[in-house]
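Structural overview
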Protein chains: 2
Amino acid sequence: MSIEAKFRKLGTDNAPGQETRQNAAGTNALLRGDPLEGRKVDFSHGDVDAHEPTPGAFELFSAGVATGGAQAYTEYRGDLGIREELAPRIAGFTGAPVDAADGLIITPGTQGALFLAIAATVSRGDKVAIVQPDYFANRKLVEFFEGEMLPVQMDYVNADDRSAGLDLDGLEAAFRAGAKTFLFSNPNNPAGVVYSADEIRQIAALAGQYGVTVIADQLYSRLRYSGATYTHLRAEAVDAENVVTIMGPSKTESLSGYRLGVAFGSKAVIARMEKLQAIVSLRAPGYSQAVLRGWFAEPDGWMDERIRRHQEIRDHLLSTLRAVDGVFARTPQAGSYLFPRLPDLAVSHGDFVKILRLQANVIVTPGTEFSPHTASSVRLNFSQDHDAALAAVERMAALIERYRA
Amino acid sequence: MSIEAKFRKLGTDNAPGQETRQNAAGTNALLRGDPLEGRKVDFSHGDVDAHEPTPGAFELFSAGVATGGAQAYTEYRGDLGIREELAPRIAGFTGAPVDAADGLIITPGTQGALFLAIAATVSRGDKVAIVQPDYFANRKLVEFFEGEMLPVQMDYVNADDRSAGLDLDGLEAAFRAGAKTFLFSNPNNPAGVVYSADEIRQIAALAGQYGVTVIADQLYSRLRYSGATYTHLRAEAVDAENVVTIMGPSKTESLSGYRLGVAFGSKAVIARMEKLQAIVSLRAPGYSQAVLRGWFAEPDGWMDERIRRHQEIRDHLLSTLRAVDGVFARTPQAGSYLFPRLPDLAVSHGDFVKILRLQANVIVTPGTEFSPHTASSVRLNFSQDHDAALAAVERMAALIERYRA
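These numbers were taken from a predicted model, which means no experiment stands behind them.

Reading the values: the criteria
- Residues numbered from 1 in each chain as written.
- Chains lettered and ligands numbered in written order.
- Predicted model: local features only at pLDDT ≥ 70, side-chain atom pairs only at ≥ 80, totals over all residues.
- Heavy atoms only, no water.
- Helix = DSSP H or I, 4+ residues; strand = E, 2+ residues; numbered from the N terminus.
- Contact = heavy atoms within 4.5 Å.
- Buried area = accessible area lost by both parts, 1.4 Å probe.
- Salt bridge = Lys/Arg side-chain N within 4 Å of Asp/Glu carboxyl O.
- Polar contact = N/O pair within 3.5 Å; in protein donor to acceptor, adjacent residues only side chain to side chain.
- Nonpolar A, V, L, I, M, F, W, Y, C, P; charged D, E, K, R; others polar.
- Buried < 20%, exposed > 50% of the residue type's maximum accessible area, 1.4 Å probe, protein only.
- Arc of directions from axis to C-beta.
- Least-squares fit on C-alpha atoms with pLDDT ≥ 70 in both.
- Pairing = 2+ DSSP bridges.
- Axes fitted to C-alpha atoms, helices over the stretch in contact; angles between N-to-C directions.

A separate point is the overall build of chain A. Summing up its helical and strand segments, chain A has 14 helices and 12 strands in all. Counting only C-alpha atoms, chain A reaches 60 × 50 × 45 Å along its principal axes. Sequence separation of at least 24 residues holds for 77% of the intrachain contacts in chain A that already meet a minimum separation of 6.

Across the boundary between the two partners, chain A contributes 74 residues, which contact 74 residues of chain B. Where chain A abuts chain B, roughly 5800 Å² becomes buried across the two surfaces, and 59% of that area is made up of carbon and sulfur atoms. Taking the shortest distance from any N to any O, the salt bridge between Arg124(B) and Glu146(A) comes out at 2.8 Å. The tally of links between chain A and chain B comes to 16 residue pairs in polar contact (both at pLDDT 80 or more). At the level of elements, helix 1 (3-8), helix 2 (57-67), helix 3 (69-72), helix 5 (109-119), helix 6 (136-144), helix 10 (267-280) and helix 11 (286-289) of chain A are the ones that each hand at least two residues to the side of chain A that touches chain B. Broken down by element, the side of chain A that touches chain B gets its largest block of residues, seven residues, from helix 10 of chain A. Looking at side-chain class alone, the side of chain A that touches chain B contains 35 nonpolar, 21 polar and 18 charged residues.

Here the focus is helix 7 (residues 168-176) of chain B. Residue and element names in this part refer to chain B. Burial in helix 7 covers these residues: Leu168, Gly170, Leu171, Ala174 and Phe175. Down the axis, helix 7 shows its buried residues gathered within 155° of arc, on one side only. Summarising the geometry of helix 7, the exposed residues directed more than 90 degrees from the buried face are Asp169 and Arg176. Those residues of helix 7 that are buried are in contact with strand 3 (127-132), strand 4 (148-153), strand 5 (181-185) and helix 8 (197-210). Its side-chain oxygen 3.2 Å from the backbone nitrogen of Asp169, Asp167 forms the N-cap of helix 7. Where helix 7 ends, the next residue or the one after it, Gly178, has phi of about 115°, a positive value.

Of the transformation placing chain A onto chain B, the axial shift is 0.0 Å and the rotation is 180°, giving an RMSD of 0.0 Å. Here the copies are linked by what is in effect a two-fold axis. Of the interface residues in chain A, 100% have counterparts in chain B that sit at the interface too, so the contact is made through matching surfaces.

Turning to the sheet that holds strand 4 (residues 148-153) of chain A, a few remarks are in order. Residue and element names in this part refer to chain A. Ordered by their spatial adjacency, seven strands build an open sheet running 2-8-7-6-5-3-4, and the pairing between neighbours is mixed. With one partner strand each, in any of the chains shown, strand 2 (104-107) and strand 4 form the two edges of the open sheet. Strand-to-strand, the axes of this sheet are offset by a mean angle of 20°, without reference to chain direction. Where strand 7 (residues 243-247) meets strand 8 (residues 261-265), four bridges bridge the pair, whose relative direction is antiparallel. In the strand pairing of strand 8, Met247 is matched with Val262. Contacting strand 3 (127-132), strand 4 and strand 5 (181-185), helix 7 (residues 168-176) crosses the sheet at an angle of about 160° to strand 4. Seen against the sheet, helix 10 touches strand 2, strand 7 and strand 8 and runs at an angle of roughly 30° to strand 2.

Right, here's the structure in full:
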């Protein structure tokens, strides 16, 4: 494959955060009526001004700078002292041991961890099971390493509200067809659903039976709403060496500006990830690593309050969306994504996303980024200023009416 | 190729900074005599406590944090305002225009820029010309993307002291054999030599003639000693779209803890690099990007003083090394690496590197990391505390005598 062809598959024109590079020509001809006034809301990512970084993060960073060279230059997998602080906390959270020396790596963001984990498990032609819909980069990662995707559907629309709706027969068929890696996010990005204990146990059993390595992206697993239960795959694994779990403090904790993530579990995979990190970025930012000392050690009540505020926003946006005829929106049990399905419109849903930006100052991510089967949905990261988000979704509702088919 | 085989080539056992993960078993049996006392010196990287980060860096970072979400989340290629500040400064330094919008990307360290640049130009089976000796990751990057290396020798030992000694006939032969990418560092890492104006012009002419994309790693191009002249390849290029230049503030400016690098030049390659960065790490650390506002804008005299102190250390270490019978050490014209060739020893030079760590508290990088033909050399990053470095090199000299063949 030529380098041009290889990169054509990595299109970022609709990727969250890249909207400023879009060209509006072509969309202007579709516009109806006047723009709707209102404060710009960028639902492509969370607003860390509305939900501020964990208290003490900057002070930990400053202490890292004061430490000097020892914090600037660490092992490629991250500072050992910090890994030793984190390991028992992460083990406690996920319900299974974490080896600080050999079973944990600190990466530049969770994206860095995902990239390294896929690179460390997928070679050209390898079959990889992925979920549809799921995080948009999963597909691109498999394609970049020339793996073969075996998509498994997640019918979150028709599932009961305690399950994600994964097609477990489809997953087994993918494993039987030779998939050696299974990559999925839990809570699911974009749908915000959490896999039930039964689903996780069946995934674990199937992975054990077929010898599949599972990469579990649990980025949002701390932001869980009232009534949600959560099962960590690694605690149910048949062989712990076949599971890599990925987390990071960029979302719930609003520490994205420090670029930090972790992967933990399989020592063999972590060792390969470190070898690759050596040529990809060397290490996570040295001083930033120190910020992890405060992770899973937030002030009492801080996380509860963060969850409470997000749940309020979730519920208000859901009522506004559900008042629009033809919109389907499942209640997210965790995370900060809404993934409403819109009714038929007089323009394509892809164009409607551009229209929302041009006429309503509202940025959302098109559903096609997450699955070829969710073109009529859009993703909203509702970790926003409450009032601004509500007003933005009201403008979105008004434009749905204006462009209704 | 199996994933295990692919990663076997990425060995980091002797990679700079990973020495703490080495096992001493096997080396102990070779030891002669008692350890030499002295403060540990880690020549595998610079000491940012001895040569502190640029003044104002932390304040710029803090201002970035205070900016909040707009600094935490930037375009994947980095904040536009920062790119607009940097572009004219970099253009002035390198003597050719830099397009802030489309011709510049901010990456997690220069390692991040190198990785993306190779990934954006090399596909499986593509031929890539690289220099021997050169930065150890170059080889690994080409191997990881399953390119075919065409090594070109640089005879820095016998070259006149104004030239790097690149085998230009060998370079043309590589281009004629089909190399479409040429990757090299200038100043050279590890040898510290600078390519002459004539060498650079011939490289540019050959690249133009054969349509080769050149990736010029100029990480150390600001740290130049008295009498050195420096020619920027991009200013001599036949087609500017065929050159990508890589720099960063990690070394001379001691800002490694913030993990920042830049690549600039070819818009087509930069565009591919950004698409890939989206799945590798999303972006350089958001807050850290703000530190670049101080780059190429250091206080008057600061760079001169930094260079003066490094030149003093260089000269003292060189006299100590040259006093040892059989040691060859060329004077580096730029950068902070010494690459002395040692005499024959009773142990392998690889074992001697381990012995230095165990008996002298001195960490150096074995010459085999840079070329298969420089096994008898070791690399020292002399950006260290002056007295500690001198004492460490004296211990090294003593151990050379102790283990002399």
